[in-house]
Amino acid sequence: MVNNDSRNPGLNEAVAQYLAKLSPKEREACQPEVYKFARWYGWERPFSELAPPHIANYAGTLDVSATDYEKKFEVLRAFFAHAKKAGWSRTNLATHLKTKKGKAGPVARGKRGQPEAAALSQQRYDELVAELDGLKNKSRELVKSIQLAAADKDFRENAPLDAAREERGHVEGRIKELDDAIKAATIIDGMKQPTLKSGVGDSIVLNDLASGAELRYKIVDPREVDPPKGKISKASPLGKALMGKSDGDIVEVTAPAGKRRYRIERIER
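Residues numbered from 1 in each chain as written. Predicted model: local features only at pLDDT ≥ 70, side-chain atom pairs only at ≥ 80, totals over all residues. Heavy atoms only, no water.

Student: Got a minute to help me understand the overall build of the protein in this structure?
Tutor: Each helix and strand in the protein was counted, giving seven helices and seven strands. Overall, the protein shows an N-to-C arrangement of helices and strands of α-α-α-α-β-α-α-β-β-β-β-α-β-β. A total of 269 residues make up the protein; the buried ones form 36% of that total. Relative to all contacts within the protein whose residues are 6 or more apart in sequence, the contacts with residues 24 or more apart total 58%. Accessible area for the protein stands at about 15800 Å²; split by element, carbon and sulfur atoms hold 51% of it. (Helix = DSSP H or I, 4+ residues; strand = E, 2+ residues; numbered from the N terminus. Buried < 20%, exposed > 50% of the residue type's maximum accessible area, 1.4 Å probe, protein only. Contact = heavy atoms within 4.5 Å. Areas by Shrake-Rupley, 256 points an atom, 1.4 Å probe, with all protein chains shown as cover.)

Below is the structure:
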């Protein structure tokens with residue numbers, strides 16, 4: 001989707017404009033993390049649709065034990081601060097990027113360097129495998145493109161070579177992410193026997209005790225968050241409150257507008 005409104009660009013356009021303003025050294029340092037966020041949220045989605053819950057959910061997916069944990073936040077905060085100045089967002093989304101305090105060392109890991117295990121639906125697992133296969137094929141094609149472009153001995157202004165190398169760098173980075181995620185994934189069995197407690201993969205019907213409205217959410221791994229479809233992260237405030245609960249339980253969540261109380265009407269699997 002191409003958006004010609006400079007005040008409401010797609011995320012892909014916003015990223016390109018932001019990186020173009022940086023020096024080559026700054027761009028090289030910032031680009032991987034900004035690209036990673038763009039892939040997570042969706043390259044072609046309008047920047048204006050980005051909301052604080054999206055930012056908070058993404059922050060929850062970052063590995064607190066990574067050596068560059070704080071650096072990732074610095075890079076993204078700078079990007080979102082620029083977005084506010086550029087008029088792409090009414091608020092400074094950077095304020096919603098909050099690090100996890102008081103934690104150090106490996107978290108939820110069996111051994112240092114191993115990715116955190118994620119509970120994924122079979123559909124999402126298959127999608128990741130398909131994306132990985134497609135990117136591996138693309139990487140092989142880019143290698144051929146690089147070889148052809150390198151045949152041009154004039155390296156001073158070899159734009160095709162530079163472009164192919166840059167794209168392959170992005171592709172290889174995504175391949176590494178997908179490979180780690182797939183190796184660490186635990187597939188949720190859609191035919192699992194019902195249990196008394198709610199967990200990842202369950203759809204939960206709530207009653208808002210203040211308004212009486214019926215709400216439906218599905219608890220998912222942070223990698224599968226999709227607010228428009230009612231998929232909330234198990235690490236979000238509401239997700240944490242709902243984990244391990246049963247039909248009829250009352251949960252209380254603190255939101256910007258105040259505390260909200262819900263009753264679990266039923267848990268669906």
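Student: Even after reading the chapter, I still don't get the packing of helix H2 (residues 24–41) against helix H4 (residues 69–86), so can you show me in this structure?
Tutor: Where H2 meets H4, the axes come as close as 9 Å, and the angle between the chain directions of the two elements is 75°. With respect to their mutual orientation, H2 and H4 come out roughly perpendicular. Of the residues in H4, those in contact with Cys30, Glu33, Val34, Lys36 and Phe37 of H2 are Lys72, Val75, Leu76, Phe79 and Phe80. When the residues that make up the contact of H2 with H4 are grouped by side-chain class, the tally is seven nonpolar, no polar and three charged. (Axes fitted to C-alpha atoms, helices over the stretch in contact; angles between N-to-C directions. Parallel < 35°, antiparallel > 145°, perpendicular 65-115°, else oblique. Nonpolar A, V, L, I, M, F, W, Y, C, P; charged D, E, K, R; others polar.)

Student: Help me understand the nonpolar core in this model?
Tutor: The tendency in soluble globular proteins is for nonpolar side chains to be buried side by side. The biggest cluster of nonpolar side chains holds 31 residues, and the ones touching the most others in it are Leu11, Val15, Phe37, Phe47, Leu50, Phe79 and Phe80. Sorting the residues of this core by element identifies helix H1 (11–20), H2, helix H3 (52–61) and H4 as the ones contributing at least two each. When sequence neighbours within four positions are dropped, the list of residues in contact with leucine 11 reads Phe37, Ala38, Tyr41, Gly42, Trp43, Arg45, Phe47 and Phe79. The next biggest cluster of nonpolar side chains, apart from the first, holds 13 residues, and it includes Leu238, Leu242, Ile264 and Ile267. (Core = buried A, V, L, I, M, F, W, Y, C linked by side-chain atoms within 4.5 Å.)

Student: Before we go on, may I ask you to explain the layout of surface pockets in this structure?
Tutor: Leftover empty space is mapped by rolling, across the atoms, a probe with the size of a water molecule. Taken as a whole, the second largest pocket spans an internal volume of roughly 200 Å³. As for the second largest pocket, its lining consists of Tyr35, Arg39, Trp43, Glu131, Leu135, Lys138, Glu167, His170, Val171 and Arg174. Looking at the lining of the second largest pocket element by element, the count peaks at four residues for helix H6 (residues 159–184). Of the residues belonging to the lining of the second largest pocket, the class tally is four nonpolar, one polar and five charged. (1 Å grid on protein atoms, 1.4 Å probe; cavity = no way out; pocket = protein on both sides within 12 Å on 5 of 7 lines; lining within 4 Å. Points joined across faces, edges and corners; volume = space filled by probe spheres on them.)

Student: Can you walk me through H2 in this structure?
Tutor: For H2, with 18 residues, the first-to-last C-alpha span of 25 Å sits near the 26 Å given by 1.5 Å per residue. Bending of H2 peaks at approximately 40° at the position of cysteine 30, with proline proline 32 no more than four residues after it. Taken together, the buried positions of H2 are Cys30, Gln31, Glu33, Val34, Tyr35, Phe37, Ala38 and Tyr41. Of the residues flanking the end of H2, it is glycine 42, one or two places downstream, whose phi is positive at about 125°. (Expected span 1.5 Å × (residues − 1). Bend = angle between axes of the 7 residues up to and from the residue.)

Student: When you look at the pairing of strand S3 (residues 203–208) in this model, what are you seeing that I'm missing?
Tutor: A regular strand places its side chains so that they alternate between the two faces of the sheet. Taken across its six residues, S3 has six buried, putting it largely inside the fold. Side-chain alternation along S3 places Ser203, Val205 and Asn207 on one buried face and Ile204, Leu206 and Asp208 on a second face that is also buried. Note: S3 against strand S4 (residues 214–220), five bridges, orientation antiparallel. In the strand pairing of S4, isoleucine 204 is matched with tyrosine 217. Where S3 folds back on S4, the antiparallel hairpin that results is connected by five residues, among which glycine 212 adopts a positive phi of roughly 85°. Note that S3 and strand S7 (residues 258–268) share six bridges and pair antiparallel. Counted as the bridge partner of asparagine 207 is arginine 263 from S7. (Pairing = 2+ DSSP bridges.)

Student: Honestly, the environment of glutamate 26 in this entry has me stumped. Any pointers?
Tutor: With respect to the element layout, glutamate 26 can be found in helix H2. Residue classification places glutamate 26 among the partly exposed residues on the basis of a relative accessible area of 42%. Separated by 49 residues in the primary sequence, glutamate 26 and valine 75 place their C-alpha atoms 9.8 Å from one another.

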